[in-house]
Amino acid sequence: MTAASPNTPVDVADLLAFYASAGVDEALEDAPVNRFAEPAPKAAPRAAAVAAPPVESAPPPRSTQAPRLDASALPDAPAARAPTSTVPDEAQAALARQMASAASTLDELRQQMASFEGCNLKATAKNLVFADGNPQASVMLVGEAPGRDEDIEGLPFVGRSGRLLDRMLAAIGLDRTSVYIANVIPWRPPGNRTPTPHETEICRPFIERQIELVNPKVLVNLGGPSAKTLLNTSEGILRLRGNWRVHTTGSGIAIPAMPTLHPAYLLRTPAHKKLAWRDFLEVKAKLKAVT
Ligand code: URA
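Given the structure is predicted, the values throughout are model-derived calculations rather than measurements. (Residues numbered from 1 in each chain as written. Predicted model: local features only at pLDDT ≥ 70, side-chain atom pairs only at ≥ 80, totals over all residues. Heavy atoms only, no water.)

### Comments concerning the pairing of strand E3 (residues 179-183)
Then comes step 1: For E3, a buried count of 5 out of 5 residues is recorded, marking the element as mostly surrounded by other parts of the structure.
Then comes step 2: Neither face of E3 is left uncovered, since the one carrying Val 179, Ile 181 and Asn 183 and the one carrying Tyr 180 and Ala 182 both have all their residues buried.
Then comes step 3: Across 2 bridges, strand E1 (residues 132-133) lies against E3 in antiparallel orientation. Opposite Asp 132, over in E3, you have Ile 181 as the bridge partner.
Then comes step 4: Note: strand E2 (residues 139-143) against E3, 5 bridges, orientation parallel. Bridge pairing links Gly 143 to Asn 183 in E3. (Buried < 20%, exposed > 50% of the residue type's maximum accessible area, 1.4 Å probe, protein only. Helix = DSSP H or I, 4+ residues; strand = E, 2+ residues; numbered from the N terminus. Pairing = 2+ DSSP bridges.)

Rendered as structure tokens:
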């Protein structure tokens, strides 16, 4: 069966309604882009490269491609060598690790993340969503990735699920002045799609460093992706939730972590709010014990 192309205003309206109900809310490009394609080999005019004065040029387009050596610029390089295989995401994850560990304060980390071009999600996001709340807080909550409202405001959990999170926090006597909130992924995935494992691996060093710099007494993982990424487990959130785990920072500090249900899940499955309530009571008790 072939898809008929819409050609009347009614067809177009139907198609747009279908896209909206499917969660499509970003217009990207007309034609698909293969971001893993090898770039065409470049000729390297070596003498000119040495002699030419620096020229102001537009920044290179963001891409998931690894920065790589231009083989043709190396001495005796065969002019048209077959492309070598690369693992672009690993190169970007390595760069992210390097940039994250170079940050010795949260401000520096924010700057490093703002200048990082290795995650394709940045290309479609409006803003870096770094954090909200109090960096001196005893409790840090980590969600998955910003949604539309967070992308617009540049702050985590400000939409519907954020409002529920605020109510959950208030129920145990906390608010945004007494917690610190961030996400595993700091850029909104287009259309709120699930971040890919590669995107998560590329962003992981930043959130790990953020936790290390905040050094909270208690970590709360909001939802499965946060729990899986930061607690190194493949278990599902319904099994994980409610049980204390440990997040170990890069410098070896063990932080008690409570995996719980994501507020967006609770909005869809209100019957499970009582489970999250139990988890938050655990957090309250732990905070009382450790602070
Ligand atoms: N969901 C998340 O995981 N993070 C946000 O910031 C908002 C919604």
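### Re the site of the ligand
Then comes step 1: Neighbouring the ligand are Gly 143, Glu 144, Ala 145, Pro 146, Glu 150, Pro 156, Phe 157, Ser 161, Asn 183 and His 262.
Then comes step 2: For the ligand, the accessible surface in isolation is 240 Å², of which the surrounding protein chains cover 93%.
Then comes step 3: The residue makeup of the shell around the ligand, split by class, is 4 nonpolar, 4 polar and 2 charged. (Near = heavy atom within 4 Å. Areas by Shrake-Rupley, 256 points an atom, 1.4 Å probe, with all protein chains shown as cover. Nonpolar A, V, L, I, M, F, W, Y, C, P; charged D, E, K, R; others polar.)

### Notes on the packing of aromatic side chains
Then comes step 1: Per the counting criterion, the structure on display carries 1 aromatic pair.
Then comes step 2: Here the guanidinium or amino end of Lys 286 rests over the ring plane of Trp 244, the centre of that ring lying 4.7 Å away. (Phe/Tyr/Trp six-rings, centres within 6.5 Å; stacked < 30°, edge-to-face > 60°. Lys NZ or Arg CZ within 6 Å of the ring centre and 35° of its normal.)

### With respect to the environment of Pro 216
Then comes step 1: Its location among the elements puts Pro 216 in the loop between helix H8 (197-214) and strand E4 (218-222).
Then comes step 2: Looking at Pro 216, the relative accessible area reads 3%, which means it is buried.
Then comes step 3: Note: C-alpha distance between Pro 216 and Ala 257 (41 residues apart in sequence) is 10.0 Å.
Then comes step 4: Apart from the residues lying within four places of it in its own chain, the contact partners of Pro 216 are Ala 137, Ser 138, Val 139, Met 140, Ile 211 and Ile 255. (Contact = heavy atoms within 4.5 Å.)

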